[in-house]
Amino acid sequence: MAESAPPPPLPDGTWWRGVEVVRHARRGAAQHIAHELGRALVSTRSSAVSVDLVDAVGATLACDVHALCPVPHYASSAMDGYAVCGSGPWRVMTGDTSVHDAASTAALELAPSQAVPVVTGGVIPGGTDTVIRDEYALRTGDELRFDDSCPTSELEGRHIRPAGTECRSGERILTAGSVLSPADIALAAVSGVDKVPVVPVPDARLLLTGSEVQSSGVPTPGFVRDAFAPTVPPVLTSLGARVDSVRRLPDDAAVFAAALDVAITDRVPLVITTGGTARSRADHVRAHLERRTTPIIDELDLQPGHPTLFAACGPGTAVLALPGNPLAAMTALTVLAVPFLCGLLGRPAPVPVSVTVAHEIAGTRRERLVPAFQHADGAWSPCRQIGANMLRGLSSAQALLSVPVEGLSAGARTEALALPW
Ligand SMILES: Nc1nc2c(c(=O)[nH]1)N[C@H]1C(S)=C(S)[C@@H](COP(=O)(O)OP(=O)(O)OC[C@H]3O[C@@H](n4cnc5c(N)ncnc54)[C@H](O)[C@@H]3O)O[C@H]1N2
Ligand code: MOO
């Protein structure tokens, strides 16, 4: 049979130039390089889109945001009661009618011994010295006094919120790179902002390889239930990406090659493949990526997940090839996809936290990341059932604990990586 023609060359890709290329990367270096790769890919994408506040929670801010008015933007009362000037008794100027008439209240200038009714958040007139809350106001007709029950702490300078105490007009209220929380959006709203500039959501595409992988039902011997299609997309979504499609591919090198080329041509920023990463005859994913892409991280010096390959190609695509073993894949996803997407979204790289281990944990020839849980006293222990092909340990884990080559003694400190869910 005639040999098939080699695939046409890919469009030139230079965006990853300057990113360090590593074989057998140590975990910390791999996390750093993944973040750098994400940052490098930013150059191929549009920098910001302006979105309504209602669509902005969870997005990454592309530029600083400044208040368009002082907050609060007018001097207001913190209580329902009376704004008064000077010492009492006071004469109530407006009966009860001014309470909802902000414009006329704002236009008022109280003279000594004058008072007007005010509501919480309402405008207080110029000349106000204090607000007497209703509970301590004794009103007879138009005359107003402090009630006898009024504590001395309430006698002067109370319940006035001056304009601009929270921020000045033009002051920076939100910083580029932050992930917008509901509180951030509420702050933008009260500062007069209608839209915010956010980093465009990057697409991700999942290519699931393995003719033995089935998507439903109880698998028979030789087949496995797919652990990734129901899990990786929501994880990527929570990390700020949008999964544009999930494709199941049989173990056929040509089918895989064609699917990858479509993704590269589509300039999908992150393609995640599962399976076929080991260096054996059966593993066409690695073989194809080694020919067709530029490996940036070629294997991790880490267990599980060491056959992982992270590559760059085309005008705007990074390919993260995860091992088929489920725990190995989830570990590599945590180590590499998390910092990569942070870099691509303009966010800082996540920092591992320092934790104490409850008892001795033996080392092996590579660093291990083990699913672990925290005891009531704060110390951590590995979960049970944490083989690379397993999921029960991960299901009960609160973090991934680093076990260095030399192992850990009881009470030793080590790093823990947050799970991306
Ligand atoms: N000769 C060698 N064999 C293996 C090596 C090696 O270096 N040389 N490395 C071992 C290590 S370590 C790992 S990790 C795995 C890596 O496996 P691959 O990435 O090549 O993945 P597959 O062989 O396709 O599958 C491994 C395992 O995972 C199951 N799998 C695949 N996809 C799914 C899925 N979507 N959901 C659930 N499970 C899945 C698959 O059925 C296999 O059982 O290789 C070792 N072997
Ligand atoms: O490195 Mo593999 O990840 O042992 O299962």
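Provided above is the structure to which this section pertains.
Keep in mind that what you see is a predicted model, and the values were worked out from it rather than measured.

Participant: Give me the lowdown on the nonpolar core, citing residues and values where you can.
Facilitator: In this structure, L37, F310 and F340 are the most contacted members of the largest nonpolar core, which totals 52 residues. With twelve residues, the single largest contributor to this core is helix α7 (residues 326-344). Shared between two domains, this core takes at least three residues from each, and those domains are domain 1 (22-45 + 201-344) and domain 4 (353-418). The contacts of F340, once residues within four sequence positions are left out, are A34, H35, L37, G38, L41, P269, L270, F310 and A318. A56, V71, C167 and I173 belong to the second-largest nonpolar core, a separate cluster that totals 17 residues.

Participant: Residue-level account of the site of ligand 2, with values.
Facilitator: Contacts to ligand 2 come from Q303, P304, G305, H306, P307, N325, A328 and A388. G305 is positioned such that a nitrogen or oxygen atom in its backbone is 2.5 Å from an oxygen atom of ligand 2. Here an oxygen atom of ligand 2 sits 3.1 Å away from a polar atom, N or O, in the side chain of N325.

Participant: So, the site of ligand 1: which residues are in play, and what are the values?
Facilitator: What surrounds ligand 1 is a group of 19 residues, the closest being E212, D226, A227, T277 and G324. Within the side chain of D226, one N or O atom sits 2.9 Å away from a nitrogen atom of ligand 1. Between G324 and ligand 1, the recorded distance is 3.0 Å, taken from a backbone N or O atom to an oxygen atom.

Participant: How would you sum up the state of the cysteines? Please name residues and give values.
Facilitator: Counted by the stated rule, this structure contains zero disulfides. For C63, which is in no disulfide, the shortest distance to another cysteine sulfur is to C167 and amounts to 18 Å. For the unlinked cysteine C167, the closest cysteine sulfur is that of C69, found at 7.2 Å.

Participant: So, the sheet that holds strand β5 (residues 81-84): which residues are in play, and what are the values?
Facilitator: With respect to topology, six strands assemble into an open sheet ordered β8-β5-β7-β6-β10-β9, the strand pairing being mixed. One side of each edge strand has no neighbouring strand; the edge strands of this open sheet are β8 (130-133) and β9 (137-140). When the angles between neighbouring strand axes are averaged without regard to direction, this sheet yields 35 degrees. Of the pairings in the sheet, the one linking β5 to β8 comprises four bridges and is antiparallel in character. Bridge pairing in β8 places V84 opposite T130.

Participant: Could you give an account of helix α3 (residues 182-190), with specific residues and numbers?
Facilitator: Among all positions of α3, only D184, I185 and A188 are buried. For α3, the arc enclosing every buried residue in end-on projection is 95 degrees, short of the 170-degree limit, so these residues lie on one face. Of the exposed residues in α3, the ones pointing more than 90 degrees away from its buried face are P182 and A183. Considering only its buried residues, α3 is in contact with β12 (172-174). Directly beyond the C-terminal end of α3, a positive phi value near 85 degrees is found at G192.

Participant: Give a detailed account of the pattern of salt bridges, specifying residues and quantitative values.
Facilitator: Inspection of every chain in the model, using the stated rule, returns 23 salt bridges. Close ionic contact of R286 with D298 constitutes a salt bridge, the shortest N to O distance being 2.9 Å. On the criterion of sequence distance, the pair formed by R286 in helix α6 (residues 284-292) and D298 in strand β19 (residues 294-300) is long-range, its members being twelve residues apart. A relative accessible area of 9% means that D298 is categorised as buried. Each member of the salt-bridge network shares a partner with another, and the members are R23, R279, R286, E290, D298 and E299.

Participant: Run through the packing of aromatic side chains, naming residues and quoting values.
Facilitator: Counting across every chain of the model gives three aromatic pairs. Each ring, one from W15 and one from W16, has its centre 5.2 Å from the other, and the planes form 85 degrees; the classification is edge-to-face. A single burial state applies to W15 and to W16, both of which are buried. Between W90 and F146 the ring centres are 5.4 Å apart and the planes differ by 85 degrees, which places this aromatic pair in the edge-to-face class. Remark: F146 occurs in strand β10 (residues 143-146) and W90 occurs in strand β6 (residues 90-92); sequence separation between them is 56 residues. Looking at F146, the relative accessible area reads 22%, which means it is partly exposed.

Parameters at a glance
Residues numbered from 1 in each chain as written. Chains lettered and ligands numbered in written order. Predicted model: local features only at pLDDT ≥ 70, side-chain atom pairs only at ≥ 80, totals over all residues. Heavy atoms only, no water. Core = buried A, V, L, I, M, F, W, Y, C linked by side-chain atoms within 4.5 Å. Buried < 20%, exposed > 50% of the residue type's maximum accessible area, 1.4 Å probe, protein only. Helix = DSSP H or I, 4+ residues; strand = E, 2+ residues; numbered from the N terminus. Domains from an automatic or database assignment. Contact = heavy atoms within 4.5 Å. Near = heavy atom within 4 Å. Polar contact = N/O pair within 3.5 Å; in protein donor to acceptor, adjacent residues only side chain to side chain. Disulfide = S-S within 2.5 Å. Pairing = 2+ DSSP bridges. Axes fitted to C-alpha atoms, helices over the stretch in contact; angles between N-to-C directions. Arc of directions from axis to C-beta. Salt bridge = Lys/Arg side-chain N within 4 Å of Asp/Glu carboxyl O. Phe/Tyr/Trp six-rings, centres within 6.5 Å; stacked < 30°, edge-to-face > 60°.

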